[in-house]
Structures are given as structure tokens and as C-alpha cells.
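Residues per chain are reported as follows:
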Amino acid sequence: MIDISELLDAIKSSPYREIVVAAPHTGRMSFAALETGMCVHGPQGQWKEMPGTTLGTLEREGNPKPICAPENGEICRIHKELDGGFVEAGAPLVVLRHMLTRDEVQRIILQKTLYLFRAPERAKYYFTPETDKKIRATDAHSVTIRDGMELFIMSRMKREVPLHYAGPDGVIYEIYFKYNENLDAGAPLIGVCPRDHLHVIQDMIARVQTEWTET
Amino acid sequence: MSSAKTGNILHNHKILVANRGEIAMRIMRACGKLGIPFAAIHTAEDAASGHVLLARAKGGEKSLFRVSSYHDANELMSVADEAACTAVHPGYGFFAEDFRFARRVTKRDRKMIFIGPSWKIIRELGDKINTKRLARSLGVPTVPGSDRPIYDEMEAERIAKTIFEFQEQQGITHPLVLVKASAGGGGMGIEEVYDPDQFRSVYRRVRNYALRQFKDEGVLIEQRIMDFNHLEVQIVSDRTGSNPVHFGTRNCSIQSTGLQKRIEVAPGFTPQALRYSFDAQKVLDDIVAYSLKMARSVGYDNVGTWEWIVTRKGEPFLMEVNTRIQVENGVSARIAKIRGQGGVDLIAEQIRTGLGEPLGYRQDDIDFEGVGIEYRLIAEDPDSNFTPWVGRIERFDWKDAPWLTMLTHVPDKLPYEIPTEFDPNLALAIIHGKDIQEAKARGAAFLDSLSLTGQNDSGASLKSNAAFLKDNTERILLF
């Protein structure tokens, strides 16, 4: 049994993570008026319809693309030496210190409590069309899976092979991959919760909600 | 390539090598031969690839750029502008047969040259359906089946039923139907149907695959002709489009279960050395004549390949036209010579004519000598349906010989982690012999000398298709 108090204490001792905002593609970079120590906001709104604080603009083929803060945080480092120059894809632009939110803490704890079915190899993963339909029609929590069930399509090197789920029967509680995203071997694909443990998970979530205060 | 022929047209050009791996390396080397500077690209996953090392060593300043994807046209254009490139070579795959990309390159504010056929020709012949219609209009035989992409399941079933019935009427004991992603290429997204009752599930699987991989769920339904040889005709033409020549035929019949080519041989048949149940020389002459007829009719203006299947009775059917340089162009070049110039580099020819130089020779000036075999060395498991193998290469050695050309992006310094984002191709080994027997013997000797080992994180040893290539060497060109 997981000791949730211990887990929360461990997270509280280092309640932030560093986020490196990198150039999503090549282009000419112009930074906004930023200073180290400045607080920035991530996307906001019910559907995150308001973009985060603009960190700069990356122009490519005449199209300026705003580079926004992906999360709330404090600016630790700005790569000002790139200002006005041509940057390559993946070049680090800004480093943010982001304080963990309640939802993120909840996700960390869930990863430790749910049964994680992991990517066996570096590849792109998709749900099989039948499962995909069920998840879209209802939601993942109502989709029951069983050991040995053909659940994913693993796509790598342009070849697709079916991937069977191996683990306890239960519902898909969390989905950790995105469409068309390349995952490394060992990365979690889904978090599975046996139906009779659902109440335990709900209790844990309630505790995080009450015990974690956002700064 | 004579230096006299590389005239003023090539000066002041710089080429963006818009590809990766061994084809990127061949393009860079061809640029070197022609004295044309280049810029290269790579993604984060490819940082250790041989093409990155070569670009760093030979490209000079501003010659290598990290991009987010090889598939992002904006990315390529911004790099081309930054590096002051005047032309883009797409290699094979990615944008090579994308007419929209070719059109964009040539029509944007800062215009560049697309090294490949003009975008209108790619649009016309890159589409399997259009190609089929054009071929039929010129009297060129094509495979029986649908001549447009099918999006409707009921219609697909009707066509499949007709093809099954047609084969039964022909007395074919095991009729088969092929379901292909219309937008696919290179053997991707193709499945066979043995049982009419299974058609619907196969159709749905191919349709879903096509939608995921090519963003178009159209499929083609054709008769699967069994027991055939897969031949190709290599065409080269200059920008006038009026004087195409051919660089012979290739036989690509030895394939993996996924209809992926594994061994290619030039020429397509050797009637002088082997006995066929039909007039093999006439078949070769016919497919070359048909291919040139189509090339002339559309004003084909660069390098391209006409793909054919030839049945056991010696009937040729056009499958498709690949409006690009192909993986296997090197094996055709290996057996060809241009009178007064010597050996051929088809990529250099593609660049030279693509930039606007006239071809400078006629069909009569091209001679062919001996037999070439190309092995595709791939990290895959032939015992498990040729599933790609993921992991690290720790040793990759072979015995050099004057008759062997190795093309590989695997760097000399090992270990090398095979990126999972692309095909698991490791190398192309091109072998030359004075005749088929000598070429086969040398091929077997090369494979015997090959040492290829590695492992992955789960401790599994590298699996490659080397044994499959060796087992199939004896089958080469036998019908």
C-alpha cells in the first residue's frame, strides 16, 4: 500500500521542475522584453484558449510564430545571445522554474498507484480503432480492458504491429501518450485501475486536493 | 562526368539536400563531383548519422542545420533561405513525389529549382490512377482493377467480387485481390486478400492505415498476379523533355513479405545466360519501349522509374511510375557506361539535368556491361514477418573488393543507435560481375565476409536480413 503522506512530503521537499522552452522549428528569433526572475503565465481558460505569456517570436517563411510560456513559472535563464539570429530546431531559448500544481502532484501520485502499461519499444502508439471509438464515445474510465486484449497499434519505422495489453483487468484511468507522438521504450502508455480499487484512487485524489496548496 | 560538360549552368548554384541517410550522402558526393556547394539537414534523432558527419566534414560553413522534421516544408524553405540555396534535392521518400512541394519550391517569392521532374509531371504520373488512365490511353498494358481511389466500402466490395469472379473464369485456382493505399508508395500499405469473406476486414485495416500514414483513406483494388517478376525501367531526360533515354532494366522480384524490395538486379533478365519460358529479350525491349513512349508523351524532364510486373507467360503490366530517383538507381548505374565519359552516377545526372544542363548524349552512347546485384541490408527479423529491429549496432565490417560498392549512413565509429523514426535500412551493397554467375558468387562471398552485430536494451541480439539475402542469392533472376 502506498503511503500518500510520505509521497506528498517527498514532493513538497522539491515542489518545482525546470522547463526548457526550446525552438519548435528553425527560424529567426526575437525575444520579448524579458528579465530573469520575471513571472510568466502558461495558457489559461477552461480550454486553455488564452495563450501563455509571449516569450518571443520565431519567424519562418514570413510567418511570425509567438513562443509562449507553456506553464506558469519564473524565468531562470534567457538565451539572449540568440536574439535576432537564425535558430535551429530544438535550440533552448528560455528556462522556467515551474511550481507544481495540484493536478500535476495528483498525476505524479497516480503514476505510483496505478498499474502502468509501458511502451515496449521506442515507437508511436495508437489505440486500436475499436478502443479508440469507445474512448471517444464515452471516456477512458468506462473502458474495461483485459489481459491479452489487442489494445494498441505500435508504429515504428513505417511498420505497424498490434500490441496486446498485459496486466491486471481494469479500467483505463489515465492515458499518457498523444496521437503521433514518439515514445521512448519504458514510457507509460496507460494507467490501469482494477474496478474494485477505484474508491481507493478517489480517496487519494481527495487527499491531494485538500493537502496540497498551490503557491 | 566530364568537366567540359559541367558548364556555366551549374555555377552559382547551391543545393539543399532535403533528405537523410545514405541518399543524402550520395547527393552530397554527387554535388562534390559537380563542384556544387550544398547544405544538409538533420533531426535530433539523426545526430549520429553518417550523413551528418559527411556534411560537417565536406559542407563547409553554414552547411548543416538541425530541423524539427524532414516532413516540414516550411522548415526546409527557411533553411534553404538561410543557407542561400538555389535548388532543392528531395532524394527519395519525404517530398520526392509531392507535387505541391515541388510547385512551392518553384513558385515562391525566392524561387528555387526542384531537382526532380516538374511539378505538373509529378502530379500527373505520381498519381497511380492517372498513370493507369494515361497508360491505357497509350495502349500500354496495366494491371486489371480499379482506376480511381475507392472511398466507399460497398463499392470496394463490388470491385473485389468482380476481380475474384474474373480470376475464377480465367481458371486461376487461388484467386487473390490486392488492396493498396492509393496515396502510398514503395510497397507501404498493401495487403492481399485470399478469401472474399475476409475482404471487408482487410479493406478497413488498409483504409485506417492509409488515413494514419498518408492522410487519405482512398484505396485501390487490383488483381494480385502471383508468380510474377517485378521489373523496372530507369529513365533519364533533361528539361526539354523531348529526348528521354533509358539506363536499362532492373529486376526487383526478391522482396520481403511486406512487398518490400530486398535484392535488385540489373539487367531485368539475362536471356543470354538463363533460359526462360518466354522471349525475355522481347519483354525487356517492350517495357523499355512502352516506358519511353509514356515519358515522351508527357515530356518527362528528369529521372524516373517505370515499374512493371511480368507474368510467367511473359505478359508485362505497368504498375506505377516513380517520379523520383530510387533507392536502387546505383545498380543500374553500375552496369552502364556513357561512351567517352565512363561510369555513370545517376544522381549527378539528375542534378545536372535538373539544373538545366542538356543531357549531352543519346541512347546509342550508353553501353551496358555485366550484371549488377544490389543487396539491401536491413535491421529486421525475417523469421518474424520482417519486423524492424530496434537497438545498437556494435560491429559492422565486410571485406572490401573492387567489385563492391557499399553505401551506408552507419558511421565508422560504433556503436550506432538505429533511429526508430525511419526505415531500418543500414546499407546498400552493390556487386558487379561479368555475368550472372560471377555476380552471384561475388554476392555470396560478400555476405560471407559480412560481420554485423549489436544488441538492444532488453539484451536481444541484432537481427538482420543477411541470411535471407544469402538464401535468396541462388534465386536471383530465376523465374
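Residues numbered from 1 in each chain as written. Chains lettered and ligands numbered in written order. Predicted model: local features only at pLDDT ≥ 70, side-chain atom pairs only at ≥ 80, totals over all residues. Heavy atoms only, no water.

A. Representation of the overall build of chain B in the model. The helix and strand tally for chain B stands at 13 helices and 24 strands. Relative to the compact-globule value of 23 Å for 479 residues, chain B shows a C-alpha radius of gyration of 22 Å, a close match. Out of the 479 residues in chain B, the part that is buried amounts to 59%. The contacts in chain B between residues at least 6 apart in sequence include a share of 69% that link residues at least 24 apart. A distance of 3 Å separates the average location of the 61 positive side-chain charges in chain B from that of its 63 negative side-chain charges. (Helix = DSSP H or I, 4+ residues; strand = E, 2+ residues; numbered from the N terminus. Rg over C-alpha atoms; globule rule 2.2 N^0.38 Å. Buried < 20%, exposed > 50% of the residue type's maximum accessible area, 1.4 Å probe, protein only. Contact = heavy atoms within 4.5 Å. Lys, Arg positive; Asp, Glu negative; His and termini not counted. Charge placed at Lys NZ, Arg CZ, Asp CG, Glu CD.)

B. Local environment of the domain arrangement of chain A. By the assigned domains, chain A splits into domain 1 (14–100) and domain 2 (103–211). Put simply, the middle of domain 1 of chain A and the middle of domain 2 of chain A, counted by C-alpha atoms, are 30 Å apart. (Domains from an automatic or database assignment.)

C. Focus on the interface of chain B and chain A. Opposite the 35 residues of chain B that make contact, chain A presents 26 residues. Interface area for chain B against chain A, summed over the two sides, is near 2600 Å², with a carbon-plus-sulfur share of 46%. If you sort the residues of chain B by the area they bury against chain A, Arg-66, Arg-212 and Thr-420 of chain B come out on top, with a joint share of 25%. Seen at the junction of chain B and chain A, the total is eight salt bridges. Glu-421 of chain B is paired through a salt bridge with Arg-122 of chain A; the nearest N and O atoms lie 2.5 Å apart. Along the contact surface separating chain B from chain A lie 15 residue pairs in polar contact (both at pLDDT 80 or more). Those elements that provide at least two residues to the side of chain B that touches chain A are β3 (64–66), α3 (73–82), α8 (199–214) and β19 (387–388) of chain B. Sorting elements by how many residues they give to the side of chain B that touches chain A places α3 of chain B first, with seven residues. (Buried area = accessible area lost by both parts, 1.4 Å probe. Salt bridge = Lys/Arg side-chain N within 4 Å of Asp/Glu carboxyl O. Polar contact = N/O pair within 3.5 Å; in protein donor to acceptor, adjacent residues only side chain to side chain.)

D. Focus on the nonpolar core. Residue and element names in this part refer to chain B. If you look at the biggest cluster of nonpolar residues, it comprises 64 residues, and the most contacted ones within it are Trp-306, Tyr-375 and Phe-446. At nine residues, helix α9 (residues 280–298) tops the list of elements feeding residues into this core. Formed by 45 residues, the second largest nonpolar core is a distinct cluster that contains Ala-40, Leu-64, Val-236 and Phe-247. (Core = buried A, V, L, I, M, F, W, Y, C linked by side-chain atoms within 4.5 Å.)

E. Main features of the pairing of strand β8 (residues 92–99) of chain A. All names here are of chain A. Of the pairings in the sheet, the one linking strand β1 (residues 16–22) to β8 comprises seven bridges and is antiparallel in character. Residue pairing for β8: Val-21 is matched across the bridge by Val-94. Inspection of the sheet shows strand β6 (residues 73–78) paired to β8 by four bridges, in the antiparallel sense. Bridge pairing in β8 links Ile-75 to Leu-96. (Pairing = 2+ DSSP bridges.)

F. Main features of the state of the cysteines. Residues and elements named next belong to chain A. Across all of its chains, the model carries zero disulfides over all chains by this definition. For Cys-39, which is in no disulfide, the shortest distance to another cysteine sulfur is to Cys-76 and amounts to 10 Å. Judged by relative accessible area, which is 58%, Cys-39 ranks as exposed. (Disulfide = S-S within 2.5 Å.)

G. Up close: the domain arrangement of chain B. Partitioning chain B into structural domains gives domain 1 (8–115), domain 2 (144–223) and domain 3 (229–473). Between domain 2 of chain B and domain 3 of chain B, the C-alpha centre-to-centre distance is 28 Å.

H. The arrangement of the pattern of salt bridges in detail. On inspection of all chains with the given rule, the structure shows 48 salt bridges over all chains. Between Arg-28 of chain A and Glu-82 of chain B there is a salt bridge, with its nearest N and O atoms 2.5 Å apart. One end of the pair, Arg-28 of chain A, is in strand β2 (residues 27–31); the other, Glu-82 of chain B, is in helix α3, on a second chain. According to the relative accessible area criterion, Arg-28 of chain A is partly exposed, its value standing at 39%.

I. Up close: the pairing of strand β9 (residues 229–236) of chain B. Residue and element names in this part refer to chain B. Where burial is concerned, most of β9 is hidden: eight out of the eight residues are buried. Sheet analysis places β9 next to strand β12 (residues 303–310), joined by eight bridges and oriented antiparallel. The residue of β12 that forms the bridge with Ile-235 is Gly-304. Looking at chain direction, β9 and strand β10 (residues 245–255) are connected through five bridges and run antiparallel. What sits directly across from Leu-231, in β10, is Asn-251.

J. Up close: the packing of helix α1 (residues 4–13) of chain A against helix α2 (residues 102–113) of chain A. All names here are of chain A. Following both chains from N to C, one finds α1 and α2 inclined at 130°, their axes separated by 11 Å at the closest point. Looking at the two axes, α1 sits oblique to α2. As for how α1 packs across α2, the hand of that crossing is right-handed. Only Val-105, Ile-108, Ile-109 and Lys-112 of α2 make contact with α1, whose side of the interface consists of Ile-4, Leu-7, Leu-8 and Ile-11. (Axes fitted to C-alpha atoms, helices over the stretch in contact; angles between N-to-C directions. Parallel < 35°, antiparallel > 145°, perpendicular 65-115°, else oblique. Left-handed = near helix turned anticlockwise from the far one by under 90°.)

K. Quick peek at the sheet that holds strand β21 (residues 404–408) of chain B. All names here are of chain B. Taken together, the eight strands give an open sheet; going across it, the order is β13-β12-β9-β10-β11-β17-β23-β21, and neighbouring strands pair in antiparallel fashion. Only two strands of the sheet have a single neighbouring strand rather than two, namely β13 (316–322) and β21. Across the sheet, the axes of successive neighbouring strands diverge by a mean angle of 25°, strand direction being ignored. Helix α1 (residues 21–34) contacts β21 and β23 (425–433) of the sheet and is inclined by roughly 115° relative to β21.

L. The arrangement of the sheet that holds strand β4 (residues 54–60) of chain A in detail. Residue and element names in this part refer to chain A. In spatial order, the strands read β5-β4-β2-β7; together these four strands make up an open sheet with antiparallel pairing. Both outer strands of the open sheet, β5 (63–68) and β7 (86–87), are each paired with one neighbouring strand and no more. Two strands pair when backbone bridges link them, and β2 and β4 are joined in this way by four bridges, in the antiparallel orientation. Of the residues in β4, the one forming a bridge with Phe-31 is Gly-56.

M. A look at the side chain of Gln-106 of chain A. Residues and elements named next belong to chain A. Relative to the helices and strands, Gln-106 resides in helix α2. There is a polar contact of 2.7 Å between the side chain of Gln-106 and the side chain of Gln-209. Leave out the neighbours within four places in its chain, and Gln-106 touches Ile-205, Val-208 and Gln-209.

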